[in-house]
Amino acid sequence: MSYTEGENGITLENAYPMEDSVGKVLSDPNQMFDFTVNINLYGSKTPVSYEVTAEKDENSTLGDSDVRIYLEKSTDGTNYNAVSQPSGYIPMGDADEFGAQGAEMLLDRGNTTDTVTYNYRLRMWVGSNYQVSGEERHFTLKVNVYGNDGVNVEVNGVELDKSSATVKLTNSLQLNASTTPASPSDKTITWTSSDPRIATVTNTGLVETKGVGTTTITATASNGKSASASIKVEVDNPNITGAYTYNETTCPTGRENTCEVNTCLLNKTAGSCPAGTTISYKVNDTTTQDFHVLKDNGSTLTLITKDNVVANARWSSTDSNDTNADAAKSALSTATNGWNQTTRMITKEEAEELGCKVYISDNSNNNTCPIWLSGTTHAHWTSSSVSTNSQDAWRITGTQRVLHNNWVYDSCAVRAIIDISK
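Quick notes on the rules
- Residues numbered from 1 in each chain as written.
- Predicted model: local features only at pLDDT ≥ 70, side-chain atom pairs only at ≥ 80, totals over all residues.
- Heavy atoms only, no water.
- Helix = DSSP H or I, 4+ residues; strand = E, 2+ residues; numbered from the N terminus.
- 1 Å grid on protein atoms, 1.4 Å probe; cavity = no way out; pocket = protein on both sides within 12 Å on 5 of 7 lines; lining within 4 Å.
- Points joined across faces, edges and corners; volume = space filled by probe spheres on them.
- Nonpolar A, V, L, I, M, F, W, Y, C, P; charged D, E, K, R; others polar.
- Salt bridge = Lys/Arg side-chain N within 4 Å of Asp/Glu carboxyl O.
- Buried < 20%, exposed > 50% of the residue type's maximum accessible area, 1.4 Å probe, protein only.
- Core = buried A, V, L, I, M, F, W, Y, C linked by side-chain atoms within 4.5 Å.
- Contact = heavy atoms within 4.5 Å.

Colleague: Could you give an account of the environment of T115, naming the residues involved and the relevant values?
Modeller: Looking at the secondary structure, you find T115 in the loop between strand 7 (105–112) and strand 8 (116–126). With 76 residues separating them in the primary sequence, T115 and I39 have C-alpha atoms 5.4 Å apart.

Colleague: Lay out the layout of surface pockets in plain terms, naming residues and giving numbers.
Modeller: Over the atoms a probe the size of a water molecule is rolled, and this reveals where empty space is left. By volume, the second largest pocket is sized at about 390 Å³. For the second largest pocket, the lining is made up of 16 residues, of which N14, A15, E135, E136 and R137 are closest to its centre. Residue composition of the lining of the second largest pocket, grouped by class: eight nonpolar, four polar and four charged.

Colleague: Describe in detail the pattern of salt bridges, supporting the description with residues and values.
Modeller: As enumerated under the stated definition, the model contains 15 salt bridges in all. Among the salt bridges present, the one from D20 reaches R68, with a minimum N-O distance of 2.7 Å. Within this pair, whereas D20 is found in helix 1 (residues 20–23), its partner R68 is found in strand 5 (residues 67–74), the two being separated by 48 residues in sequence. According to the relative accessible area criterion, D20 is partly exposed, its value standing at 25%. Residue E135 pairs with R137 through a salt bridge whose shortest N-O separation is 3.3 Å. By relative accessible area, R137 is classed as partly exposed at 35%. By sharing partners, the salt bridges in this structure join K168, K232 and E234 into a single network.

Colleague: Any chance you could break down the nonpolar core for me, citing the residues and the numbers?
Modeller: Of all hydrophobic cores here, the largest spans 46 residues; its most connected members are L265, L301, W381 and V414. Per-element accounting of this core gives the leading share, three residues, to strand 17 (residues 213–221). Among all residues touching V414, those that are not within four sequence positions of it are N308, V309, V310, A313, A328, L332, M345, H380 and W381. By size, the runner-up hydrophobic cluster in this structure holds 28 residues, among which are L12, F35, V37 and F139.

Rendered as structure tokens:
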């Protein structure tokens, strides 16, 4: 890469304030500065990154906001287009990876895999708001061009440190990396993933998806330069947002990080997601709720909330069960108002399909409900009444983990059930 110019810089002298519309078309050679950036690529198409900056001479006496700086760019040396609109001198504030210092102003930045020549034209004038005084002042800029000699990493042709990618759980993503300068000692790239549960990456840059969520892939060259990008792995339903899914029977609460990722969401066969599998799901634009799989119907999952959505509610608004859980359903509707899905309560039959048995006095049926369904303390209502007692309804107990009849006027918790697509 080479940078060609005449006298390197532009100085405001004997200038008067003017409007931007006038300054943008200045044509006097003393009022504009032309320079050229040539990038020649030999052999492989290794990306070259560069940036153009302006550096104010420390002896300048005109204020940063009093000058107007305007840069145009051309690939043919004839037709120029604005890189940005006129502005005052604005320092970057911090040094960057190209080598520019914080006191410099960023004018342009680019990346190319082709041999190209860029023609630039810089104009500078005194802003129209400047109040002229009898004091002589001046302002001088020097133009610098920097090339990136670190690691360039791409995601499908886009620089990794300026991009992100979204892939499906079934897919893999090939990342490409190269280093400049291309000396043998600088060609080694080390790849890492911040969350191997989501995706891992081989030493060739092949990202292999493992779970649902977001991980950061980083490529580090042997010269210490590195670049990173966010890789989001998702399933067909974008509302399934958990960083990973797991089966409660093999991943006890508190040990989720040590568990294998459950990829049942990819399988449209009924029963592929076992009952009890935990899934995080966006019930609306702002709320994510944790659920357990109640039933896998193939392409559809029936989910029940991991926790109670109502702490205490009567089953009925009267002391009989002929109102069909009107009080509990009303409390559930209020608690889930704003969800995108219709909610309901679990039935006694659904609980029995999962192994729950009806309480008997000798306690031999205790602990038949899965712990993920019953919990360990609070009971929660089903939507089923007790046919043999007009004042009772069925609930799932937390301490005994069974189905137990209870007076409809008592208070119990309520959990929500929804149906979603895989």
